[in-house]
Amino acid sequence: MLLAASKVFDKFKPVIGVNTDPERSEGHLCLPVRYTHSFPEALQKLYRGEFRWQWRQRIRLYLEGTGINPVPVDLHEQQLSQEQHSRAHINERFQDQRSDVSGPHLLPVRALNEVFIGESLSSRSYNINKVANQAVEEILNIVTNDYNESLLYSPEEPKMFFSIREPIVNRVFSSSRQRGFSSKVCVRSRCWDACMVIDGGTSFEFNDGAIASILIDTEDALCTVLLEE
C-alpha cells in the first residue's frame, strides 16, 4: 500500500490496498482482512457503490540549507546495511549536479505513514534501564492503554503526530516537549551521517546544515475507500 501510494500524486485517483499477508501484517491501510479471502465481494461492493470515500492526509517535505541533496535513495528494491546506506547517499551526491542548491526544494514524495529522521548509526543510552524491570512492567500496564488512545485520530484530519525518540538531555541540550500534534514541523540537522526516510522506502541525506520543513497540505490527500459492512 505504501509503495503504491508513493507513486500517486493525483488527488482524485483512488488507491485501494489488499492485505496479501494477514498472518504477518496488520494492514491498517488496506481493506479489512476478511476481503483478503473474499476479494470478489469487495469488488461487488465497489461496483454497487457500497462504500464511502476517505481522504487520507499525507505529508509533504521541503529541504533547504547548505549541501543538501534532493536526490533520493530508493530502499524498496534494496536491502542495505547501514554502511551501504550511507555510501549510496554519497554516490548520489557526486552524480547529481544539484547537490549545492540551497532550496527550499519540494521533495518528489509524499509520506502517508511516517517520516523518520536520525543518524544512520546511533549509539543508544536507555535511561529507562535504571528502573527495576518489575516497576517498568507495572507502570506500562497502567498507562499503555490510555497513552495509545491519546494518539489515535482520524486519517482525514489535517494534522500529524511527532515524537522525539531518545532525546539527548545534558547540560548543553534539553527537551521540554518530546511529542505532540502539529500541522507543520521544522527540523535543522546537527548530524554527521543522518538520513530522512519516507514510509520506510525512500531515503534522503540529512546532514549538518540541512533544514526540513514537514507539513500537511490537503491537496496531497490520498483518495481511498471504506467499504460498508
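Residues numbered from 1 in each chain as written. Predicted model: local features only at pLDDT ≥ 70, side-chain atom pairs only at ≥ 80, totals over all residues. Heavy atoms only, no water.

1. Re the overall build of the chain
Thinking step 1. A count of helical and extended segments in the chain gives four helices and 12 strands.
Thinking step 2. Counting the 229 residues in the chain, one finds 34% classified as buried.
Thinking step 3. Within the chain, contacts between residues at least 6 apart in sequence are counted, and of these 72% link residues at least 24 apart.
Thinking step 4. Summing over all exposed atoms, the chain offers an accessible surface of approximately 14,900 Å²; the carbon and sulfur share of this is 51%. (Helix = DSSP H or I, 4+ residues; strand = E, 2+ residues; numbered from the N terminus. Buried < 20%, exposed > 50% of the residue type's maximum accessible area, 1.4 Å probe, protein only. Contact = heavy atoms within 4.5 Å. Areas by Shrake-Rupley, 256 points an atom, 1.4 Å probe, with all protein chains shown as cover.)

2. Notes on the confidence of the model for the chain
Thinking step 1. Of the residues in the chain, 77% have a pLDDT of 70 or more, and the chain-wide mean is 82.
Thinking step 2. When the criterion is pLDDT under 50, residues 122-132 qualifies, and its contacts beyond four places in sequence or with other chains add up to five contacts. (pLDDT = per-residue confidence, 0-100.)

3. Here's the deal with the packing of aromatic side chains
Thinking step 1. Summed over the entire model, instances satisfying the criterion amount to four aromatic pairs.
Thinking step 2. Measuring from ring centre to ring centre gives 6.0 Å for Phe 12 and Trp 55, while their planes differ by 80°; the resulting arrangement is edge-to-face. Placement of the pair is Phe 12 in the loop between α1 (2-6) and α2 (39-48) and Trp 55 in strand β1 (residues 51-56), with a sequence separation of 43 residues.
Thinking step 3. Its relative accessible area of 64% is what places Phe 12 among the exposed residues.
Thinking step 4. Measuring from ring centre to ring centre gives 4.9 Å for Phe 51 and Trp 53, while their planes differ by 80°; the resulting arrangement is edge-to-face. (Phe/Tyr/Trp six-rings, centres within 6.5 Å; stacked < 30°, edge-to-face > 60°.)

4. Remarks on α2
In an α-helix, one turn spans 3.6 residues, which is why side chains three or four residues apart end up on the same side.
Thinking step 1. For α2, every residue scored as buried is listed here: Ala 42, Lys 45 and Leu 46. Projection of α2 onto a plane perpendicular to its axis shows the buried side chains occupying an angular sector of 100°, all on one side. Counted as exposed and oriented over 90 degrees from the buried face of α2: Pro 40 and Tyr 47.
Thinking step 2. At its buried positions, α2 is contacted by β1 and β12 (222-227). (Arc of directions from axis to C-beta.)

5. Quick word on a nonpolar patch on the surface
Thinking step 1. A surface patch of nonpolar side chains, amounting to about 310 Å² of accessible area, comprises Ile 168, Val 172 and Phe 173.
Thinking step 2. The exposure class assigned to Phe 173 is partly exposed, which follows from its relative accessible area of 43%. (Patch = residues over 30% accessible without salt bridge, like charges linked within 9 Å, V, L, I, M, F, W, Y side chains within 5 Å. Salt bridge = Lys/Arg side-chain N within 4 Å of Asp/Glu carboxyl O.)

6. Some points on the sheet that holds strand β5 (residues 115-119)
Thinking step 1. Here four strands make up an open sheet; going across it, the order is β3-β10-β9-β5 and the pairing antiparallel. Of all the strands in the sheet, just β3 (73-74) and β5 have a single pairing partner and so form its edges.
Thinking step 2. As paired strands, β5 and strand β9 (residues 194-198) are joined by five bridges and run antiparallel to one another. Each bridged residue has a counterpart across the sheet, and for Glu 119 the counterpart in β9 is Ala 194. (Pairing = 2+ DSSP bridges.)

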